[in-house]
Amino acid sequence: MSTKSVELARSGNIVVEKKYGLSYDEFAKDHLFANYPVVIGDACQNWSAKDKFTPEFFRENYGHRDVKVQGKWYKLSEYIDLMLTGTEENPAPYPYKLQINRDYPELVKDVSPRLKYATPDRAYSKLLPSQFLGGADMLEIFFGSPGGQFPYLHYDYMCLHAFITQVYGQKEFTVIPPSQTEYVYPNSENPWVSMIDDQINPDLKKFPLWAKATPVKFIVGPGETLFIPCGWWHTAHSVTPTISVASDCLNDSNWKNFIGEVDIMMSRQKPLKAKVAKTYLKVVGAILSMTEALNINL
Ligand SMILES: O=C(O)CCC(=O)C(=O)O
Ligand SMILES: [Fe+2]
């Protein structure tokens, strides 16, 4: 099948396309290794989640669960009510995130098979001690109401790639390329988080370089998957009640950037250890590149 693509949005010299029938090889060449975002219109075709994960499904099956959202406890059914009645002016607290593997393992089958584009993934490799991923959450469901705004502009922790699949409702995403990092004022403590606090109307007196940024905004709808490559700044805003499934991915394409992040984190406190870790991860990267080429899991 040949790829069908349509332009979704354009800003500055960045164009985000939506593609259908995208082969893995084309994805690898034009997006994964080119580090360029894309919306894939039919990546989750085989997931039962795309029809099953509705507010009603979660209310009926999990409504009695206690969930903590932005520091406050709710019954999941109460949160779902807020999600359905929230408005742009008065949104439900956002996000409510649940971790599928930890909290709802029986739902893993509904988001399986893993998206082919999100492979190979080294996050679970036995050669990668979990401390290097700094506790990044790997498979999550996000719930939100209209007006729900992701709390900060950021790139994904440890320079992981992100795949966000809208299973319900519409979300507006904003993406900014890594080449514009200085325009978003990274926080020196947490360099993956922007210091711009008001994302809707940034204060240009405080953040004058923001005027040079060319954020690209577009809507991702039900059944569509956004690939956000490593280091791309992004945020999201729900337009309707939304349910999204998000996962991260680490492989040859972002390994160097990942090592860079490990280095930044560790060298502040333990410079010698950071050097050893870097050497170890370079060796692991070379081994995993070989085993992946041979289709061996290590
Ligand atoms: O869907 C969203 O709100 C964005 C989520 C996100 O970027 C993240 O969890 O890293
Ligand atoms: Fe993110």
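Bear in mind that the values here come from a model prediction, so they are computed numbers and not experimental data.

**What about unusual backbone geometry?**
In this model, Tyr94 is joined to Pro95 through a cis peptide bond whose omega is -5°. Counting through the fold element by element, Pro95 comes out in the loop between α4 (76-85) and β6 (96-99). Cis geometry is found at the peptide bond from Thr119 to Pro120, where omega equals -10°. Tracing the backbone shows Pro120 in the loop between α5 (100-103) and β7 (139-144).

**Brief notes about the sheet that holds strand β1 (residues 4-11)**
Judged by pairing direction, the sheet is mixed, and its eight strands sit side by side in the order β1-β2-β3-β11-β8-β13-β7-β6 without closing on themselves. Where the open sheet ends on each side, the last strands, each with one partner, are β1 and β6. Neighbouring strand axes in the sheet, compared pairwise and without regard to direction, differ in orientation by 20° on average. Across four bridges, strand β8 (residues 161-168) lies against strand β11 (residues 225-228) in antiparallel orientation. When the sheet's bridge partners are listed, Ile164 is paired in β11 with Leu226.

**Some remarks on the pairing of strand β10 (residues 216-220)**
When a strand is regular, its side chains alternate between the sheet's two faces. Only one face of β10 is covered, namely the one carrying Val216, Phe218 and Val220; the face carrying Lys217 and Ile219 has none of its residues buried. Two strands pair when backbone bridges link them, and strand β9 (residues 171-176) and β10 are joined in this way by five bridges, in the antiparallel orientation. Along β10, the bridge assignment pairs Val175 with Val216.

**Description of the site of ligand 1**
Near ligand 1 the following residues occur: Tyr94, Phe142, Phe150, His154, Asp156, Lys171, Phe173, His234 and Ala236. Contacts to ligand 1 include Asp156, whose side-chain N or O atom sits 3.0 Å from an oxygen atom. The contact in question runs from an oxygen atom of ligand 1 to an N or O atom on the side chain of Lys171, over 2.7 Å. Its free accessible area being 300 Å², ligand 1 has 91% of it covered by the protein chains. Every element with two or more residues in the shell around ligand 1 is listed here: β9 and β12 (233-238). Residue composition of the shell around ligand 1, grouped by class: five nonpolar, two polar and two charged.

**A closer look at the coordination of the iron ion (ligand 2)**
Taken together, the protein donors to the iron ion (ligand 2) comprise His154 (NE2), Asp156 (OD) and His234 (NE2), at separations of 2.0 to 2.2 Å. As a motif over one chain, the donors of the iron ion (ligand 2) read H-x1-D-x77-H. Placement of His154 in the loop between β7 and β8 and of His234 in strand β12 is noted, with a sequence separation of 80 residues between them. Residue His154 shares its accessibility class with His234, and that shared class is buried.

**Some points on the layout of surface pockets**
Here the second largest pocket is characterised by a volume of approximately 280 Å³. Pro120, Asp121, Ile296, Asn297 and Leu298 are, among the 13 residues lining the second largest pocket, the residues nearest its centre.

About the thresholds
Residues numbered from 1 in each chain as written. Chains lettered and ligands numbered in written order. Predicted model: local features only at pLDDT ≥ 70, side-chain atom pairs only at ≥ 80, totals over all residues. Heavy atoms only, no water. Helix = DSSP H or I, 4+ residues; strand = E, 2+ residues; numbered from the N terminus. Pairing = 2+ DSSP bridges. Axes fitted to C-alpha atoms, helices over the stretch in contact; angles between N-to-C directions. Buried < 20%, exposed > 50% of the residue type's maximum accessible area, 1.4 Å probe, protein only. Near = heavy atom within 4 Å. Polar contact = N/O pair within 3.5 Å; in protein donor to acceptor, adjacent residues only side chain to side chain. Areas by Shrake-Rupley, 256 points an atom, 1.4 Å probe, with all protein chains shown as cover. Nonpolar A, V, L, I, M, F, W, Y, C, P; charged D, E, K, R; others polar. Donors = N, O, S within 2.8 Å, 3.2 Å for Na, K, Ca; no water. 1 Å grid on protein atoms, 1.4 Å probe; cavity = no way out; pocket = protein on both sides within 12 Å on 5 of 7 lines; lining within 4 Å. Points joined across faces, edges and corners; volume = space filled by probe spheres on them.

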